[in-house]
Amino acid sequence: MLLRKITLEEFGAYRGKQSLDLTPGKKKPIVLIGGLNGCGKTTLLDAIQLALYGSRARCSGRGSKPYETYLRESINRQADPSRGSSVTLEFTVVIDGREHYYRVVRSWRTSGKSLKEFLNVYVDEEYGEKSRTGRKVVPTGKFNRLLSEGWADHVEDLLPLEIASLSFFDGEKIESLADPERAASVIESAVHSLLGVSTVQQLRTDLLALQRRQKLSDEDQHLMDAIYAQEKEREAVQQKLEVVHQDLAQRRSELTKAKRQLETLERAFEKEGGGLFERRVELEAERKQVADRLAEARAALIQLAAGPLPLLMLGAQVEDVRKQAEQERAAAEMGQVLGVLAERDQWLLDLLPEAARGTVLEELEADRTRRAQATALPVDLSLPHDAVAQLSVLDEVLDRDRARAAELLTLAASTTEHLDQLDRQLAGVPAKSKVEAIQVARVEQLQEVARVQAECARASEQLEELKRRRESVTASLARAHDDFVRTKVKAEEVERIIKYSEKARTTLDRFGEALLQRHISRLEVAMLQSFKELMRKQGLVKDLRIDTDKFTLTLSDAEGESIDPGRLSAGERQLLAVSLLWGLMKVAGNRLPSVIDTPLGRLDSKHREHLVDRYFPYASEQVLLLSTDEEIDEYLLGRLKKSVARTYTLAHDDKEFTTGVVEGYWWTTGAPHVA
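Below is a summary of the structure that appears in this document.

The rules behind the values
- Numbering of residues starts from 1 in each chain and follows the order in which that chain's sequence is written.
- Given that this is a predicted model, residues contribute local features only at a pLDDT of at least 70 and side-chain atom pairs are listed and counted only at 80 or more, while totals for whole chains, interfaces and linings are drawn from all residues.
- The side-chain quantities take in all heavy atoms of the structure and omit both hydrogens and water.
- Strands are runs of DSSP state E lasting at least 2 residues, helices are runs of H or I lasting at least 4, and numbering of each runs from the N terminus.
- Burial here depends on accessible area, computed with a 1.4 Å probe over protein chains only, as a share of the maximum for the residue type. Under 20% is buried, over 50% is exposed, and the range in between is partly exposed.
- Contacts: residue pairs with any heavy atoms within 4.5 Å of one another.
- Only the protein chains shown count as cover for residues, and the accessible areas themselves come from Shrake-Rupley with a 1.4 Å probe.
- Stacked, tilted and edge-to-face pairs are distinguished by plane angle, under 30 degrees for stacked and over 60 for edge-to-face with tilted covering the rest, among Phe, Tyr and Trp rings (Trp via its six-membered ring) whose centres lie within 6.5 Å.
- Only when the NZ of Lys or the CZ of Arg is both within 6 Å of the ring centre and within 35 degrees of the ring normal is a charge said to sit over the ring.
- Axis definition: a line fitted to C-alpha atoms, over the contacting stretch in the case of helices. Angles run 0 to 180 degrees between N-to-C directions.
- Roughly parallel here means an angle under 35 degrees, roughly antiparallel means over 145, roughly perpendicular means 65 to 115, and every remaining angle is called oblique.
- Throughout this entry, Asp, Glu, Lys and Arg are counted as charged residues, while Ala, Val, Leu, Ile, Met, Phe, Trp, Tyr, Cys and Pro are counted as nonpolar. The remaining residues, Gly among them, count as polar.
- The directions from the helix axis to the C-beta atoms are what the arc is built from.
- For this analysis, a salt bridge means a side-chain nitrogen from Lys or Arg found within 4 Å of a carboxyl oxygen belonging to Asp or Glu.
- Paired strands are those between which DSSP finds at least two bridges.
- We call a set of buried Ala, Val, Leu, Ile, Met, Phe, Trp, Tyr and Cys residues a nonpolar core when their side-chain atoms join them within 4.5 Å.
- Helix span, as expected, comes to 1.5 Å for every residue beyond the first.
- Charged residues are defined here as Lys and Arg on the positive side and Asp and Glu on the negative side; His and the ends of the chain fall outside this count.
- N or O atoms closer than or at 3.5 Å make up a polar contact, with two conditions inside protein: a donor-capable atom paired with an acceptor-capable one, and, for residues adjacent in sequence, both atoms drawn from side chains.

This paragraph deals with the overall build of the protein. In terms of regular secondary structure, the protein is built from 19 helices and 15 strands. Here the protein, with 675 residues, has 41% of them falling under the buried criterion. Intrachain contacts of the protein at a sequence separation of at least 6 include 72% that bridge at least 24 residues. Only carbon and sulfur atoms are counted for the fraction: they give 50% of the accessible area of the protein, which is about 37600 Å².

Have a look at this one:
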């Protein structure tokens, strides 16, 4: 299998449509993808697995979440959920000597409260033939309905899920493979599935089934009675198992109902104002604060009203007083002028000759008469001489008080509205007894849910026990059939079939053991060689053995003493796990892609150089490395460059929280050093 292209649309942090060409080059198997922490490297690894396996995919971002929840949360936060997201994976597989091009499109979108998922598979059956012409071919895959509907089974033939975990892995998390039990399960799964041992076992099982079909002809009565008794016992166990299975289903149904009832009580608690009841003390405290603010505002208004503020209602009268004050001031000034003019006029008359005095005296008296008339007021209030100034000061005070009063009135209105709102909320607080009754019901329902869950657990344990009993009875029945076949079958054809099928089974047993031993031996050599190539301490491990029964891994030092993997450092355990995966790939012929996330996380500089020089270029025909700038740095990039076919950098926008794909890697032409 070779991965050709992956396209992400509104998936996770990837905004819009982002595509990466993953095709390796000639003698350049590596596609290097760089990204800082949180930029979407692991999301890219998850996308490959999600496209292939759907709900069975072991995505790191899913954890224990339901599959539907994971898909909802995988839609980019800025995208329209009704349009949804999609992951498209394109790859080629050689089947029966012909190369086929697959395009798998997995998409999903929300529709109201539900989520809809779609899977479309396109296959180009003639791709391999067209590719052999030497010209570049654009795949023209056709939609295949049967493959789309049965993809979960078909992908197991192409790349079983258990094997995918060996091909797609997190460099920091594979350290757990150094654990003997974990390594044993991986080795057993890989040897049987990846190296073909399971095929031999399946042939043995098929031959055994063929034998048993022949056992029912011409049975001996005594052996038939034994077989009949075994079958009756198995039937009884099967019936009891079905009863327990139905009981478990009923318990699960009860559990579902109990949970729904609990949800109903929760909603009833909320509907009855349980939230307000829990916030009652807080609301009362807030109301007191708001009432105090309203009282303060009203007190301030009363204080303002006790001052000159009411004069704002007598604006016209105040204006009349101002005019009167100005007139009285002008009259007073004119009176003072008249006194001065009398003295002046006398002085002038004294200076004039007697002949001219009469005319001038008439003019001066006429002038004083006019001025005297100006001092005569219709109304004389005898206002103070500084009344005009006092009225100006009053205007300033009234302007200030007017603004302050408006401010206080606005505050009082908003505070009154807030107080009314709090009063309405407090009025909606339910009675304590009513809420307490619902709370008691909730506690009782929680206990009921726990009780039904315990019953489900007990029924599950009983079901497993009955399954083990059924397997035991089935094994006894098989032995009874074997005894019957060996002693009582007389028909020549049946004897011949049994004879040769038994012989074939024996041959397959020996072949299977030999094949298993051969693969184990090759795997031991490949793992030890890989480990020594990657290790800095060449003398640390001298020998490596794998038990053919339990598939446990044993390391030995130069003195032949076993080495506990727990004594190895975290980096050494990681290298041991990498050696296990590399050895399996070597024995399997490097026919699967290797996708490695965080490849150098816990390793020192020397071990990093060993991985870059000795592992990555030879791990497989296609190697995808998802690295940070501190793992594959500028120095290691130089050592790796001759094996790199393509490079990409995941550029993350810290403001929009989105990721885009740009060609090139840090320190290479055309790739900006993104932050």
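Scanning all chains against the criterion turns up 8 aromatic pairs. Between Tyr665 and Trp666 the ring centres are 5.2 Å apart and the planes differ by 75°, which places this aromatic pair in the edge-to-face class. Pair check on accessibility: Tyr665 and Trp666 agree, each one buried. Aromatic rings pair up to connect Phe91, Tyr102 and Trp151 into one cluster. Of note, Arg103 hangs over the ring of Tyr122, and the distance from its end group to the ring centre comes to 4.2 Å.

Moving on to the packing of helix H1 (residues 41-53) against helix H5 (residues 151-158). One way to put it is that H1 packs onto H5 with a least axis distance of 9 Å and a crossing angle of 120°. In terms of orientation, H1 lies oblique with respect to H5. In contact with Ala51, Leu52 and Tyr53 of H1, H5 contributes Trp151, Val155 and Glu156. For the contact of H1 with H5, the residue count by class is 5 nonpolar, no polar and 1 charged.

Attention now moves to H5. Helical periodicity: at 3.6 residues per turn, an α-helix aligns residues three or four positions apart in one direction. Turning to H5, its buried residues number three or more, namely Trp151, His154, Val155 and Leu158. Down the axis, H5 shows its buried residues gathered within 100° of arc, on one side only. Exposed residues lying more than 90 degrees from the buried face of H5 are Asp153 and Asp157. The secondary structure elements touched by the buried residues of H5 are H1, strand S4 (85-95), strand S5 (98-111), strand S6 (114-124) and helix H4 (145-149).

A few words on the pattern of salt bridges. Scanning all chains against the criterion turns up 21 salt bridges. Note that Lys65 is salt-bridged to Glu73, the shortest N-O span being 2.4 Å. Looking at Glu73, the relative accessible area reads 48%, which means it is partly exposed. Here Asp292 ties to Lys288 by a salt bridge, and the two come within 3.3 Å at their closest N and O atoms. Here the residue Asp292 and the residue Lys288 both occupy positions in helix H11 (residues 280-305), the gap between them amounting to 4 residues, near one helical turn. The network of salt bridges with shared partners includes Asp247, Arg251, Glu254, Glu448, Arg451 and Glu455.

Further remarks concern the sheet that holds strand S11 (residues 562-563). Strand order across the open sheet formed by 3 strands is S9-S10-S11, with antiparallel pairing between neighbours. This sheet does not close on itself; its edge strands, each paired only once, are strand S9 (543-546) and S11. Strand direction decides the pairing type here: S9 and strand S10 (residues 553-556), joined by 4 bridges, are antiparallel. When the bridges of S10 are listed, Ile546 appears paired with Leu553.

The next subject is the environment of Glu90. Along the chain, the position of Glu90 falls in strand S4. In this structure, the C-alpha to C-alpha distance between Glu90 and Arg103, residues 13 residues apart in sequence, is 4.4 Å.

Counting residues in each nonpolar core, the largest one holds 101 residues, and the members touching the most others are Ile6, Phe91, Trp151, Tyr615 and Phe616. It is helix H17 (residues 570-588) that contributes the most residues to this core, 9 residues altogether. Not counting residues up to four positions away in its chain, the partners in contact with Trp151 are Ala51, Leu52, Phe91, Tyr102, Val104, Arg106, Leu119, Val121 and Leu158.

Attention shifts here to unusual backbone geometry. Non-glycine residue Glu10 carries a positive phi angle of around 55°. Tracing the backbone through its elements, the reader meets Glu10 in strand S1 (residues 2-11). Unlike most non-glycine residues, Lys27 shows phi in positive territory, near 60°. As for its placement among the helices and strands, Lys27 is situated in the loop between strand S2 (14-21) and strand S3 (30-34). Judged by its relative accessible area of 75%, Lys27 is exposed.

Further remarks concern the pairing of S6. Of the strand pairs in this sheet, S5 and S6 are connected by 11 bridges, and their pairing is antiparallel. When the sheet's bridge partners are listed, Tyr101 is paired in S6 with Asp124. Joining the antiparallel neighbours S5 and S6 is a turn of 2 residues, in which Gly112 adopts a positive phi near 70°. Here S6 runs beside strand S7 (residues 142-143); their pairing, made up of 2 bridges, is antiparallel. Directly across from Val123, in S7, lies its bridge partner Lys142.

With that settled, consider H1. Between its first and last C-alpha, H1 extends 19 Å over 13 residues, near the 18 Å set by a 1.5 Å rise per residue. In terms of residue burial, H1 counts as a mostly covered element, since 11 of its 13 residues are buried. Within the span of H1, buried status applies to Lys41, Leu44, Leu45, Asp46, Ala47, Ile48, Gln49, Leu50, Ala51, Leu52 and Tyr53.

Moving on to the pairing of S2. Sheet topology note: the S1/S2 ladder contains 6 bridges and is antiparallel. Considered in S2, the bridge of Phe11 is made with Tyr14. Taking the residues that link successive antiparallel strands as the turn, the S1-S2 hairpin has 2 residues, and the phi of Gly12 there is positive, at about 60°.

Turning to the side chain of Asp597, a few remarks are in order. Following the sequence through the fold, Asp597 ends up in strand S12 (residues 594-597). Despite being buried, Asp597 has no salt bridge partner; Lys41 is the closest side chain of opposite charge, sitting 5.3 Å away. Of the polar contacts made by the side chain of Asp597, one reaches the side chain of Thr42; its length is 2.6 Å.

Here the focus is the side chain of Thr110. Tracing the chain through its elements places Thr110 in strand S5. Thr110 has contacts with Arg72, Ile75, Pro81, Ser82 and Leu115, leaving out every residue within four places of it along the chain.

On to the environment of Tyr665, then. Here Tyr665 lies in the segment after strand S15 (658-663). Owing to a relative accessible area of 0%, Tyr665 belongs among the buried residues under this scheme. Considered as a pair, Tyr665 and Thr647 are 18 residues apart in the sequence and their alpha carbons are 5.4 Å apart.

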